[in-house]
Every structure is written in C-alpha cells, then in structure tokens.
Amino acid sequence: MTHVIETAAHVPQSGPLADALAMRGKLMALTQDSHDAALTPSDPGGVPLALRAALACRMARICHQAGLEKHYATLLSSYGDEHIALLADPEVIPETSEPRLAAIVAYVDLVTRSPKEATKADIGALRQAEVEEADIVRLAGLVAFTNYQLRVTAVLSVMGEAK
Amino acid sequence: MSRVIHKFTTRIPTWRPYVTPIDFDNATDAQREALKETPSNTKISDYVLVLAHDPESLRIRTSLFNGIMYDKGGLSREERELGAVAASVVNRCIYCAAVHAHRYNNIVGDDAVMKDIFLRGKDAELDERTRAILRFAMRLSETPPNVSQDDIQRLRDVGLDEQEILDLTLSTTLFGWANRLMHTLGEPVANV
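Residues numbered from 1 in each chain as written. Chains lettered and ligands numbered in written order. Predicted model: local features only at pLDDT ≥ 70, side-chain atom pairs only at ≥ 80, totals over all residues. Heavy atoms only, no water.

Peer 1: Which residues make up the overall build of chain A, and what are the values?
Peer 2: In terms of helices and strands, chain A carries nine helices and zero strands. Reading the secondary structure of chain A in the N-to-C direction produces α-α-α-α-α-α-α-α-α. Radius of gyration (C-alpha) of chain A: 16 Å, near the 15 Å computed for a compact globule of 163 residues. In terms of overall dimensions, chain A has C-alpha extents of about 55 × 30 × 30 Å along its principal axes. Looking at chain A residue by residue over its 163 residues, the buried ones come to 55%. Put simply, of all contacts in chain A between residues at least 6 apart along the chain, 69% involve residues at least 24 apart. With the model as given, the accessible surface of chain A reaches about 7,000 Å², and the carbon-plus-sulfur share is 54%. Across chain A, 14 positive and 20 negative side-chain charges occur, with their mean positions spaced 7 Å apart. (Helix = DSSP H or I, 4+ residues; strand = E, 2+ residues; numbered from the N terminus. Rg over C-alpha atoms; globule rule 2.2 N^0.38 Å. Buried < 20%, exposed > 50% of the residue type's maximum accessible area, 1.4 Å probe, protein only. Contact = heavy atoms within 4.5 Å. Areas by Shrake-Rupley, 256 points an atom, 1.4 Å probe, with all protein chains shown as cover. Lys, Arg positive; Asp, Glu negative; His and termini not counted. Charge placed at Lys NZ, Arg CZ, Asp CG, Glu CD.)

Listed below in structure tokens is the structure:
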C-alpha cells in the first residue's frame, strides 16, 4: 500500500530502510489513517477541508519539507478555493476583517514554530475569535499531526538518499 | 487554586485542561466508540476527554502511540523514552517530560541521566550513544527540523541500525505531536 509519507520521502522499494518500514507496517498504516482523520475527516466541524489543506501546506513550507508541501498543495488545489489557498504562503496573514481566520492562523504559526511559547492566552484568543471548543481541539490535532508527519518525512527523505 | 509547574521534574503532575472535556454521559456514538479504544481499567483522563472532541483522530491514537512506544524489536524501550523526553524538552512540555523521564528512570533503574538532561539539555554529560540519540532527537524537534546525512551518520557511528533510527524517529516525532496537544490545550499543576 502506498502512503503519503513514503511517497513524499521517495523511500526506496527495497533495502534496509524498506525492511525497517515493513517491520513497522502497522504503525505506518495507522499514521496514514491519522493523516486522513486530520486532513480529510468525514466530520470536519468548523475547520473546513480546504482550510486544513492550506494550513498543512503552510506548515510544510515553514518546515522546509518540499515533498509534503507538494502533496498538500495538490490536495488544496482539488478544492478550488482560491481565497483560502492564499494561506498556504506563510507570509500571508488574514485581514483584521476576518478575526476568526486570523486567530486560527496565529495559533498554527505559533504552535508550529515555537510550541514552547504557547500559553493559556493563545487558547483564550481562539475562544475570543469565536472558535468553538471542538474546533480548537480539531485545529490542535491538525497542527500536532502535521508536525509529526513533516518530521518523519524529513528523516526518511535523508535516510533514503543514495549513500 | 493549585500551583502551575514551570520547571522540568520527574514527579508526574496533574494536567488541567483549558478546553472543557466532553461529558461522557452526553457523548455522541462516535465519541463513545473512540473512547472504547483507550484503556478501560482506569478512569478516563481529562486529556482523553478533551481529545474526544475530535473522535476520528482519537480512535486511532491509542494503537499508534502504544505501537510506537512498545512494539517489539528495534530500538530499546528506554531509548524510545529518551526520544520522547528530548522532544518534550525542546517543546517545554513539562507534563510529557515528567511522564517519560519517570518511565526512563524506572527502566534503567537510575535517575542521573534525566537529572542532567533537565539541568543542561543537549550539553548533558552522557555516554556517547545516549548523547548522540539526545542530540539527534533535539535537533529533529526544532522548527524547521534539522536532519542531514551527518546527523544520520552520527547515529550509525554509535551503533544504531536502520530499524533503530526509524524507531527513534517515530518516538521523537510522536512526542512533537503529543507536546503540541498537551502543552497547548492545558497546563501541569502540582498534586496536592
């Protein structure tokens, strides 16, 4: 079965790394399931699928992970939402006329770049911008999972390169 | 009001959520289904009840977390815990660091390594292999993540094979995930 991480990292089909991944085949499948739950859930709540893809693409750019950036960009373009797609660029900050979106992007940027600096006030800011509690958890889950996936892909890409 | 903990410790604190945990009695079918996957012999924690706001992700979480930390073969149990602690130190997740430093200490039967890591981070005085693992895991946990052929080679030089490097990557990055939930959705408070 082809998973997003292995494809984005160009993992070789055979050899010691392929064997190591096969030994953790169940975990790589659960990782793929987690990707689907975070990026394309059946119940996205107040965090629409296009926004999820745009934010994931943004995180991939912040983390300099070209393979996954491409994957998320393809997913994002499939939704055809040009306004939301602008957020894939980490330089783009939503206008003050869109406070909910601005609070969401601020949380994503902080928790991707420097989670240690996050405080209770950052959750307060989401609440203030009318992000519902369930959506706060959905958003946190998306950021947390994407950061995991980005780092696994980063290591596998380097390990898979010709020695 | 109990005291919020800001310093690394191996004494496991209580986690106090910023977001309201779901009320089990009023849980949806999807939430109940997801909660079934979590250990049933203990009271369901506030942390899991907070994550139950997103049942599709929670449903998968327990199997993945347990597999990465406990599945047989590959990297030793204590070195997986070391990866978890390294990420938690970089991300300053006091709760995760406490739980996994505690587990590390129980496995190795000594608390010197964790004490030194909490005190000096990547400059802790450790044996060559432990130090290489700690440094790799801490560099990987930065943003953007730092990982190069040299980083991988340093692990190979101290004897890690491909399986062990993969397992270390999974346990380290899993905690980059856990820290971003635990440290941003709540705070560690001292037990009274």
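Past the structure itself, the notes keep going.
Peer 1: Hey, could you go over the environment of Asn191(B) for me, with residue numbers and the actual values?
Peer 2: Residue and element names in this part refer to chain B. Structurally, Asn191 is set in the segment after strand E2 (186–189). The exposure class assigned to Asn191 is partly exposed, which follows from its relative accessible area of 47%. The contact partners of Asn191, leaving out residues within four places of it in the chain, are Ile12, Pro13 and Thr14. Within the structure, Asn191 has its side chain in polar contact with the backbone oxygen of Ile12 (distance 2.8 Å). Here the side chain of Asn191 touches Thr14 through a polar contact of 2.2 Å, side chain to side chain. (Polar contact = N/O pair within 3.5 Å; in protein donor to acceptor, adjacent residues only side chain to side chain.)

Peer 1: Can you break down the packing of aromatic side chains residue by residue, with the values?
Peer 2: Using the criterion set out here, one finds seven aromatic pairs over all chains in the structure. Look at Phe145(A) and Trp177(B): their rings are 5.3 Å apart centre to centre, the planes differ by 80 degrees, and that puts the pair in the edge-to-face class. Here the residue Phe145(A) occupies a position in helix H9 (residues 133–160), and Trp177(B) occupies one in helix H9 (residues 162–185), the pair thus bridging two chains. Across the pair, Trp177(B) and Phe145(A) agree in class, each one buried. Every member of this aromatic cluster is reached through a ring pair, and the members are Phe145(A), Tyr148(A), Phe65(B), Phe175(B) and Trp177(B). A cation over an aromatic ring shows up here: Arg32(B) above the ring of Phe24(B), its NZ or CZ 5.0 Å from the ring centre. (Phe/Tyr/Trp six-rings, centres within 6.5 Å; stacked < 30°, edge-to-face > 60°. Lys NZ or Arg CZ within 6 Å of the ring centre and 35° of its normal.)

Peer 1: Which residues make up the environment of Val19(B), and what values go with them?
Peer 2: Tracing the backbone shows Val19(B) in the loop between strand E1 (14–17) and helix H1 (29–36). Here Val19(B) falls in the buried class, since its relative accessible area comes to 2%. Once the C-alpha coordinates of Val19(B) and His100(B) are considered, the two residues, 81 residues apart in sequence, prove to be 24 Å apart. Ignoring sequence-local partners within four residues, the contact set of Val19(B) consists of Ile123(A), Arg127(A), Glu133(A), Ile136(A), Val137(A), Val50(B), His53(B) and Leu185(B).

Peer 1: Please set out the UniProt feature "domain: Carboxymuconolactone decarboxylase-like" (unreviewed entry) in chain B residue by residue, giving values where relevant.
Peer 2: Mapped onto the present numbering, the UniProt feature "domain: Carboxymuconolactone decarboxylase-like" (unreviewed entry) falls on residues 55–101 of chain B. With 81% helix and 0% strand, residues 55–101 of chain B has its two end C-alpha atoms placed 29 Å apart. (UniProt positions renumbered as here; feature names shortened; annotations may be inferred.)

Peer 1: Break down helix H2 (residues 16–23) of chain A for me, citing the residues and quoting the values.
Peer 2: Every α-helical turn comprises 3.6 residues, leaving residues that sit three or four positions apart pointing alike. Leu17(A), Ala18(A), Ala20(A) and Leu21(A) are the residues of H2(A) that are buried. Down the axis of H2(A), the buried side of the element spans an arc of 160 degrees, and every buried residue falls inside it. In this structure, H2(A) carries Pro16(A), Asp19(A) and Ala22(A) as exposed residues pointing more than 90 degrees from its buried face. Buried residues along H2(A) sit against helix H1 (4–8), helix H3 (25–39) and H9 of chain A together with H9 of chain B. (Arc of directions from axis to C-beta.)

Peer 1: Before we move on, could you go through the interface of chain A and chain B and cite the residues and values that matter?
Peer 2: On the chain B side, the residues contacting the 54 residues of chain A number 50 residues. Contact with chain B buries surface across chain A, with Arg24(A), Tyr148(A) and Arg151(A) losing the most and accounting together for 16% of the total. Viewed at the interface, chain B and chain A are joined by two salt bridges. Asp167(B) is the salt-bridge partner of Arg24(A), the closest N and O atoms lying 2.8 Å from each other. The tally of links between chain A and chain B comes to 21 residue pairs in polar contact (both at pLDDT 80 or more). Every element with two or more residues in the side of chain A that touches chain B is listed here: H2, H3, helix H7 (99–113), helix H8 (120–128) and H9 of chain A. Ranked by residue count, the leading element in the side of chain A that touches chain B is H9(A), at 19 residues. (Buried area = accessible area lost by both parts, 1.4 Å probe. Salt bridge = Lys/Arg side-chain N within 4 Å of Asp/Glu carboxyl O.)

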